[in-house]
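Each chain, written out:
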Amino acid sequence: MPHPLVLDSVTLDLSSQAGVVHILRGVDFSVHSGETVAVIGPSGSGKSSLIAVAAGLEKPSSGRVTLFDRDLGTLSEDGRARLCRGRVGLVFQNFHLLPNMTARENVAAPMELAGRANAMAEAEEWLERVGLGARKTHYPHQLSGGEQQRVALARALVVRPDLLFADEPTGNLDAENGVRVADLMFDLVRETGAAMVLVTHDDRLSLRADRTLRMLDGRMSAVSSGVAG
Ligand SMILES: Nc1ncnc2c1ncn2[C@@H]1O[C@H](COP(=O)(O)OP(=O)(O)OP(=O)(O)O)[C@@H](O)[C@H]1O
């Protein structure tokens, strides 16, 4: 599968009290297998909306999103969830860990959902890899922001997704923890062969991606190109 993700002329309009807001205004964009793509752009330009539409969390107003060769517009919500389960990983700025589960249970949860055996043992292995082997029975509130983000990264990658969406994954972290999480993320993505779409304000992160795209007022343009397409 050469392109795990293809967007064709995707628009997103949302209505607000002030009228209809044109959030995405015809985005064409594709990601190659194993490619890392950074998406930069000013606040409000549509970066998070792009991720929401590309990951099937939000329906586009027009255009087509093709994920793993399936047109998301032809699938029900359940169908989209089934397609994404185990193949798409998500990491957000605010971790989104389940507060009443330990680090190990948080990481094991997606494997259990996917019906995989040995979920707890694999979760432990992944916590070791992100440097948190000693913290497996801690709850999110007992962990620092950087540690919580490393748990979130382990949880996103434990199922070995083909595609990782990361929205400002270091946005809430101090510089040192931000670098640590970013290093880990790029290392693990390259090791697992996953493609990644990374929204970031941080130049140090975007420079590490194979390709950088800029969102401006709901439109996307190329900044630099390492890989054709
Ligand atoms: N539910 C909604 N209804 C109306 N407008 C919305 C809605 N959600 C987002 N918007 C608007 O869509 C635009 C794009 O938002 P989005 O969060 O995608 O931008 P962003 O580039 O990710 O911004 P940031 O860098 O600040 O996170 C913004 O102007 C925002 O106010």
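What counts, and where the lines are drawn
- Residues numbered from 1 in each chain as written.
- Predicted model: local features only at pLDDT ≥ 70, side-chain atom pairs only at ≥ 80, totals over all residues.
- Helix = DSSP H or I, 4+ residues; strand = E, 2+ residues; numbered from the N terminus.
- Rg over C-alpha atoms; globule rule 2.2 N^0.38 Å.
- Buried ≥ 20, exposed ≤ 12 C-beta atoms within 10 Å, placed from the backbone.
- Contact = placed C-beta atoms within 7 Å.
- Core = buried A, V, L, I, M, F, W, Y, C linked by C-beta atoms within 7 Å.
- Near = placed C-beta within 6 Å.
- Nonpolar A, V, L, I, M, F, W, Y, C, P; charged D, E, K, R; others polar.
- Arc of directions from axis to C-beta.
- pLDDT = per-residue confidence, 0-100.
- Pairing = 2+ DSSP bridges.
- Right-handed = clockwise from strand over helix to strand, strands pointing away.

Brief notes about the overall build of the chain
Turning to step 1, where the next piece is worked out: Of the regular secondary structure elements, the chain holds seven helices and 10 strands.
Turning to step 2, where the next piece is worked out: Relative to the globule expectation of 17 Å for 229 residues, the C-alpha radius of gyration of the chain, 17 Å, shows essentially globular dimensions.
Turning to step 3, where the next piece is worked out: Within the chain, the proportion of its 229 residues that are buried is 44%.
Turning to step 4, where the next piece is worked out: Contacts in the chain between residues at least 24 apart in sequence constitute 69% of all its contacts with a sequence separation of at least 6.

Focus on the nonpolar core
Turning to step 1, where the next piece is worked out: Within the largest apolar cluster, 66 residues are counted, with the highest numbers of intra-cluster contacts made by Val39, Ala54, Phe165 and Leu198.
Turning to step 2, where the next piece is worked out: Broken down by element, this core gets its largest block of residues, six residues, from helix H5 (residues 145-157).

Some points on the site of the ligand
Turning to step 1, where the next piece is worked out: Every one of the 13 residues lining the ligand counts as a neighbour, but Ser43, Gly44, Lys47, Ser48 and Ser49 are closest to it.
Turning to step 2, where the next piece is worked out: When contributions to the shell around the ligand are tallied by element, the ones reaching two or more residues are strand S1 (5-16), strand S2 (19-31) and helix H1 (47-54).
Turning to step 3, where the next piece is worked out: Broken down by element, the shell around the ligand gets its largest block of residues, three residues, from H1.
Turning to step 4, where the next piece is worked out: Residue classes in the shell around the ligand are distributed as four nonpolar, eight polar and one charged.

Things to note about helix H4 (residues 119-129)
Turning to step 1, where the next piece is worked out: Regarding H4, the residues found buried are Ala119, Ala123, Trp126 and Leu127. Mapping the buried residues of H4 onto a view down its axis gives an arc of 100°, with all of them on the same face.
Turning to step 2, where the next piece is worked out: On its buried side, H4 packs onto helix H3 (103-113) and H5.

Notes on the confidence of the model for the chain
Turning to step 1, where the next piece is worked out: Looking at the chain as a whole, its pLDDT mean stands at 91, while 97% of the residues score no less than 70.
Turning to step 2, where the next piece is worked out: Strand S10 (residues 219-225) is the least confidently modelled element of the chain, averaging 81 in pLDDT, while strand S4 (residues 62-67) averages 98, the highest of any element.
Turning to step 3, where the next piece is worked out: ipTM for the predicted complex: 0.93, alongside a pTM of 0.90.

As for unusual backbone geometry
Turning to step 1, where the next piece is worked out: At Ser9, a position not held by glycine, the phi torsion is positive, near 45°.
Turning to step 2, where the next piece is worked out: By secondary structure assignment, the location of Ser9 is in strand S1.
Turning to step 3, where the next piece is worked out: Note on Ser9: 13 C-beta atoms within 10 Å, which makes it partly exposed.
Turning to step 4, where the next piece is worked out: Backbone geometry at Glu168 places phi at a positive 50°, although glycine is not the residue there.
Turning to step 5, where the next piece is worked out: When you line up the elements, Glu168 lands in the loop between strand S7 (163-167) and helix H6 (175-192).

Considering the environment of Leu205
Turning to step 1, where the next piece is worked out: Mapped onto the secondary structure, Leu205 falls in helix H7 (residues 203-206).
Turning to step 2, where the next piece is worked out: Separated by 22 residues in sequence, Leu205 and Asp183 have C-alpha atoms that sit 9.1 Å apart.
Turning to step 3, where the next piece is worked out: Apart from the residues within four sequence positions on either side, Leu205 is in contact with Ala38, Thr170, Ala182, Leu198 and Thr200.

Some details on the environment of Leu164
Turning to step 1, where the next piece is worked out: Turning to its location among the elements, Leu164 is positioned in strand S7.
Turning to step 2, where the next piece is worked out: We classify Leu164 as buried; it has 23 C-beta atoms within 10 Å.
Turning to step 3, where the next piece is worked out: Sequence separation of Leu164 and Arg208 is 44 residues, and the distance between their C-alpha atoms is 15 Å.
Turning to step 4, where the next piece is worked out: Ignoring sequence-local partners within four residues, the contact set of Leu164 consists of Gly89, Val91, Ala156, Val189, Ala194 and Met196.

Considerations on the pairing of strand S8 (residues 195-199)
Turning to step 1, where the next piece is worked out: Counting buried positions along S8 gives five out of five residues, so the element sits mostly inside the fold.
Turning to step 2, where the next piece is worked out: Alternating residues of S8 divide into Ala195, Val197 and Val199 and Met196 and Leu198, and every residue in both groups is buried.
Turning to step 3, where the next piece is worked out: Bridge count for strand S3 (residues 36-40) against S8 is four bridges, and the pairing is parallel. When the sheet's bridge partners are listed, Ala38 is paired in S8 with Leu198.
Turning to step 4, where the next piece is worked out: Taken together, the five bridges between S7 and S8 define a ladder with parallel strand orientation. Paired with Leu164 across the strands is Met196, a residue of S8.
Turning to step 5, where the next piece is worked out: Assessed by its sense of winding, the connection that carries the chain from S7 through H6 to S8 is right-handed.

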